[in-house]
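Analysis of the macromolecular model
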Amino acid sequence: MTATIKGRVKSPTGQPVTVTITATPNPNPTRTPDGDLIVPGSVASEGDDGHVTAELRPGRYVVSIASPTGLLAERDVTLTDGPTMTLGDLLPPCPLYNSPSPHD
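Since the structure is predicted, the reported quantities are computational estimates derived from the model, not experimental observations. (Residues numbered from 1 in each chain as written. Predicted model: local features only at pLDDT ≥ 70, side-chain atom pairs only at ≥ 80, totals over all residues. Heavy atoms only, no water.)

**Side note on the layout of surface pockets**
Convention followed: Grid points spaced at 1 Å over the protein atoms alone were grouped into cavities, where a 1.4 Å probe fits but cannot get out, and pockets, open sets with protein on both sides within 12 Å along at least five of seven lines, with lining residues defined by an atom within 4 Å of a point. Grid points are joined across faces, edges and corners, and a volume is the space filled by probe spheres set on the points. Comment: elements are numbered from the N terminus, with helices defined as DSSP H or I runs of at least four residues and strands as E runs of at least two. Throughout this entry, Asp, Glu, Lys and Arg are counted as charged residues, while Ala, Val, Leu, Ile, Met, Phe, Trp, Tyr, Cys and Pro are counted as nonpolar. The remaining residues, Gly among them, count as polar.
Estimates place the volume of the largest pocket at around 160 Å³. What lines the largest pocket is a set of 13 residues, and nearest its centre among them are Arg 31, Ile 38, Arg 57, Pro 58 and Gly 59. Going through the elements one at a time, β3 (30-31) and β7 (59-67) are the ones with two or more residues in the lining of the largest pocket. When residues of the lining of the largest pocket are assigned to their parent elements, the largest contribution, three residues, is made by β7. Across the lining of the largest pocket, the residue classes tally to six nonpolar, four polar and three charged.

What follows is the structure in structure tokens.
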């Protein structure tokens, strides 16, 4: 059983950005049904295209994405077996705002 997080990070010019995904179990450490412990771990992006794929045991994690310039996103998520979560899913929802109308 694995839960997958994957995606790419690019600069405004379309260049790939190297990132590291860190998954910290919540609670930390956590115990598997087999009695093993799960502790924090990291996966770095691979290749020249900035692609990253992290395959984790299903469970609850605080997942963070960091680039050389700093923390990009951090979120507490529950990962399940099967569906793939994208890196964009880890960003907080965009706030809704009312844009001014052209007549204001």
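**Details of the pairing of strand β2 (residues 20-25)**
Moving residue by residue along a regular strand, the side chains alternate between the two faces of the sheet. Formally: Only protein chains enter the area calculation, which uses a 1.4 Å probe; residues under 20% of their type maximum are buried, those over 50% are exposed, and those in between are partly exposed. Two strands form a pair only when DSSP identifies at least two bridges running between them.
Burial along β2 is one-sided: Ile 21, Ala 23 and Pro 25 are buried, and none of Thr 20, Thr 22 and Thr 24, which face the opposite way, are. Sheet topology places β2 next to strand β5 (residues 41-44); four bridges connect them, and they run antiparallel. For Thr 20, the partnering residue across the bridge sits in β5 and is Ala 44. Here six bridges tie β2 to β7, and the two strands are oriented antiparallel to one another. In the sheet register, Thr 20 faces β7, and the bridge partner there is Ala 66.

**Looking at unusual backbone geometry**
Note that the residue after Asn 26, namely Pro 27, is joined by a cis bond; omega there is 10°. Among the secondary structure elements, Pro 27 is positioned in the loop between β2 and β3. Here the bond from Asn 28 into Pro 29 is cis, since omega is -10°, no more than 30 degrees from zero. Among the secondary structure elements, Pro 29 is positioned in the loop between β2 and β3.

**Regarding the sheet that holds strand β9 (residues 84-86)**
Rule in force here: To define axes, lines are fitted to C-alpha atoms, for helices over the stretch in contact only, and angles between the resulting N-to-C directions are given on a 0 to 180 degree scale.
Pairing in this open sheet of three strands is mixed, and the strands run β6-β1-β9 from one edge to the other. The open sheet is flanked by β6 (51-56) and β9, the only strands paired with a single partner. If you compare each strand with its neighbour and ignore which way they point, the axes differ by 20° on average. Where strand β1 (residues 3-8) and β9 come together, three bridges link them in parallel fashion. Across the sheet, the residue bridging to Thr 4 is Thr 84, located in β9.

**Points about the pattern of salt bridges**
Inclusion rule: By definition here, a salt bridge exists when the distance from a side-chain nitrogen of Lys or Arg to a carboxyl oxygen of Asp or Glu is within 4 Å.
Applying the stated criterion to the full structure yields two salt bridges. The salt bridge partner of Arg 8 is Asp 49, with a shortest N-O separation of 3.1 Å. Of this pair, Arg 8 sits in strand β1 while Asp 49 is found in the loop between β5 and β6, placing the two residues 41 residues apart along the sequence. Overall, the relative accessible area of 33% leaves Asp 49 in the partly exposed class. Put simply, Arg 60 and Asp 76 hold a salt bridge, and the shortest N to O gap is 3.0 Å. Of the two residues, Arg 60 sits in strand β7 while Asp 76 sits in strand β8 (residues 70-79), which places them 16 residues apart along the sequence. A relative accessible area of 35% places Asp 76 in the partly exposed class.

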